[in-house]
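So you can see what is in the structure, the chains are spelled out below.
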Amino acid sequence: MNDVAQGDGEAGSAQLLSAQELLAGSLLTYDVEVPASILQPGAESGAARRGQVRLRPLKVATLALISRAAREDSSLAPLLMVKESLVEPQLPLEQIRQMHAGLVNFLVAAVNRISGLEREPSAAQNAAASAIGESHVLLAWHFGWTPAQVAELTPGQLAVYLAGIERLQAAGTPRKPA
């Protein structure tokens with residue numbers, strides 16, 4: 001369904017893209033800075049140095065091949081994504097397998113971002129990040145309550161328990177697991 005009926009477009013509105021314009025993005029490369037803390041986790045802040053890698057976006061055909069290759073072993077998917085996206089330095093799969101998990105995770109996130117695969121936060125993530133969501137998580141964690149128990153609290157009870165947790169934390173009282 002079209003957002004704007006044909007002929008109803010305003011001056012300066014979006015124009016139809018050509019095939020060349022649609023395919024151009026897959027030819028780009030991106031220099032991605034890898035922070036020192038990712039390259040050498042746990043190293044002293046001045047001892048480790050950051051660097052860059054050059055990545056290209058993954059194409060649909062490449063993702064289909066990765067999916068097929070990773071059917072038997074799902075742990076191959078992120079490694080193949082890094083291998084296929086990494087332009088510089090080029091590394092064989094065996095060397096990528098030797099990378100530490102944090103570096104692979106960082107590179108996969110970068111590949112997802114430049115390939116347009118980065119997901120928008122889910123409704124659940126947005127709810128958990130809200131003030132009420134954070135309150136529910138805090139109460140469940142601190143008192144060992146189930147989500148249903150927390151949901152039954154009135155706003156007044158919620159305020160009282162949250163104030164109590166703040167007072168206990170200020171006094172340095174450790175949490176007592178249920």
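Note that this is a predicted model, so its numbers are computed, not measured. Within every chain, residues take consecutive numbers counted from 1 along the sequence as written. Reporting in this predicted model follows two pLDDT cut-offs: at least 70 for local features of residues, and 80 or more for side-chain atom pairs to be given and counted; totals over whole chains, interfaces and linings ignore these cut-offs and use all residues. The side-chain quantities take in all heavy atoms of the structure and omit both hydrogens and water.

Okay, the confidence of the model for the chain next. A residue-level look at the chain finds 79% of positions with pLDDT of 70 or above and a mean pLDDT of 76. When mean pLDDT is taken per element in the chain, strand β3 (residues 86–88) scores highest with 90 and helix α7 (residues 123–129) scores lowest with 61. What pLDDT reports is the predictor's confidence in each residue, on a scale of 0 through 100. When checking whether two residues touch, look at their non-hydrogen atoms; a contact exists if any pair is within 4.5 Å. Segment residues 1–5 is flagged for pLDDT under 50; beyond a separation of four residues in sequence, or across chains, it makes 1 contact in the model. A run of H or I in DSSP counts as a helix once it spans at least four residues, and a run of E counts as a strand once it spans at least two, with each numbered from the N terminus.

Moving on, we come to the environment of leucine 117. Inspection of the secondary structure puts leucine 117 in the loop between α6 (101–114) and α7. Sequence-wise, leucine 117 and leucine 58 are 59 residues apart; in three dimensions their C-alpha atoms are separated by 9.3 Å. Apart from residues lying up to four places away in sequence, leucine 117 is in contact with Leu63 and Asn112.

Moving on: the sheet that holds β3. Each pair of strands is called paired provided DSSP finds at least two bridges between the two strands. Spatial ordering of the open sheet is given by β1-β2-β3, a layout of 3 strands whose pairing is antiparallel. The two strands at the open ends of the sheet, each matched to only one other strand, are β1 (30–34) and β3. Strand after strand, the sheet turns through a mean of 45° between neighbouring axes, direction not considered. Two strands pair when backbone bridges link them, and β1 and strand β2 (residues 51–55) are joined in this way by 5 bridges, in the antiparallel orientation. Within β2, the position partnered with valine 32 by the bridge is valine 53. Under this scheme, a helix contributes an axis fitted over its contacting stretch, all axes are lines through C-alpha atoms, and angles between N-to-C directions fall in the 0 to 180 degree range. Across the sheet, helix α4 (residues 76–85) touches β2 and β3, and the angle it forms with β3 is around 40°. Here α6 sits on the sheet and contacts β1 and β2; the angle it forms with β1, its principal contact strand, is near 150°.

Turning to the packing of helix α3 (residues 60–69) against α4, a few remarks are in order. Between α3 and α4, whose axes approach to 9 Å, the crossing angle comes to 145°. Helix-helix and strand crossings are classified by hand; for α3 and α4 the assignment is right-handed. Every residue of α4 that contacts α3 at Thr62, Ile66 and Ala69 is listed here: Leu76, Ala77, Leu80, Met81 and Glu84. The nonpolar class holds Ala, Val, Leu, Ile, Met, Phe, Trp, Tyr, Cys and Pro. Asp, Glu, Lys and Arg form the charged class, and all remaining residues, Gly among them, are polar. Residue composition of the contact of α3 with α4, by class: 6 nonpolar, 1 polar and 1 charged. Crossings are classed by handedness, with left-handed meaning an anticlockwise turn of the near helix from the far one by less than a right angle and right-handed meaning a clockwise turn.

In what follows, salt bridge is the name for a side-chain nitrogen of Lys or Arg lying within 4 Å of a carboxyl oxygen of Asp or Glu. Tallying each qualifying case throughout the model produces 3 salt bridges. For arginine 54, the salt bridge goes to aspartate 31, with nearest N and O atoms at 2.6 Å. Of this pair, arginine 54 sits in strand β2 while aspartate 31 sits in strand β1, placing them 23 residues apart in sequence. Taking the relative accessible area as the measure of exposure, aspartate 31 reaches 43% and is therefore partly exposed. Across the pair lysine 83 and glutamate 84 runs a salt bridge, and its minimum N-O distance is 4.0 Å. The buried label goes to any residue with under 20% of its type's maximum accessible area, the exposed label to any with over 50%, and the partly exposed label to all in between, with areas taken from a 1.4 Å probe on protein chains only.

This part takes up the packing of α4 against α6. The contact between α4 and α6 brings their axes to 9 Å, and the two run at 60°. Both α4 and α6 take part in a crossing whose hand is left-handed. Residues Pro78, Leu79, Met81, Val82 and Ser85 of α4 touch α6, and the partners they reach there are Val104, Leu107, Val108, Val111, Asn112 and Ile114. Here the contact of α4 with α6 is built from residues that sort into 9 nonpolar, 2 polar and no charged.

When β2 meets β3, the two strands line up antiparallel, connected through 2 bridges. Directly across from arginine 54, in β3, lies its bridge partner glutamate 88.

The nonpolar core is taken to be a set of buried Ala, Val, Leu, Ile, Met, Phe, Trp, Tyr and Cys residues, with the residues joined through side-chain atoms within 4.5 Å. Core analysis: the largest hydrophobic core is formed by 22 residues, its most contacted members being Val53, Leu55, Met81, Val82, Met99, Val104 and Leu107. Taken together, the elements giving at least two residues each to this core come down to β1, β2, α4 and α6. The contacts of methionine 81, once residues within four sequence positions are left out, are Leu58, Ile66, Val108, Val111 and Asn112.

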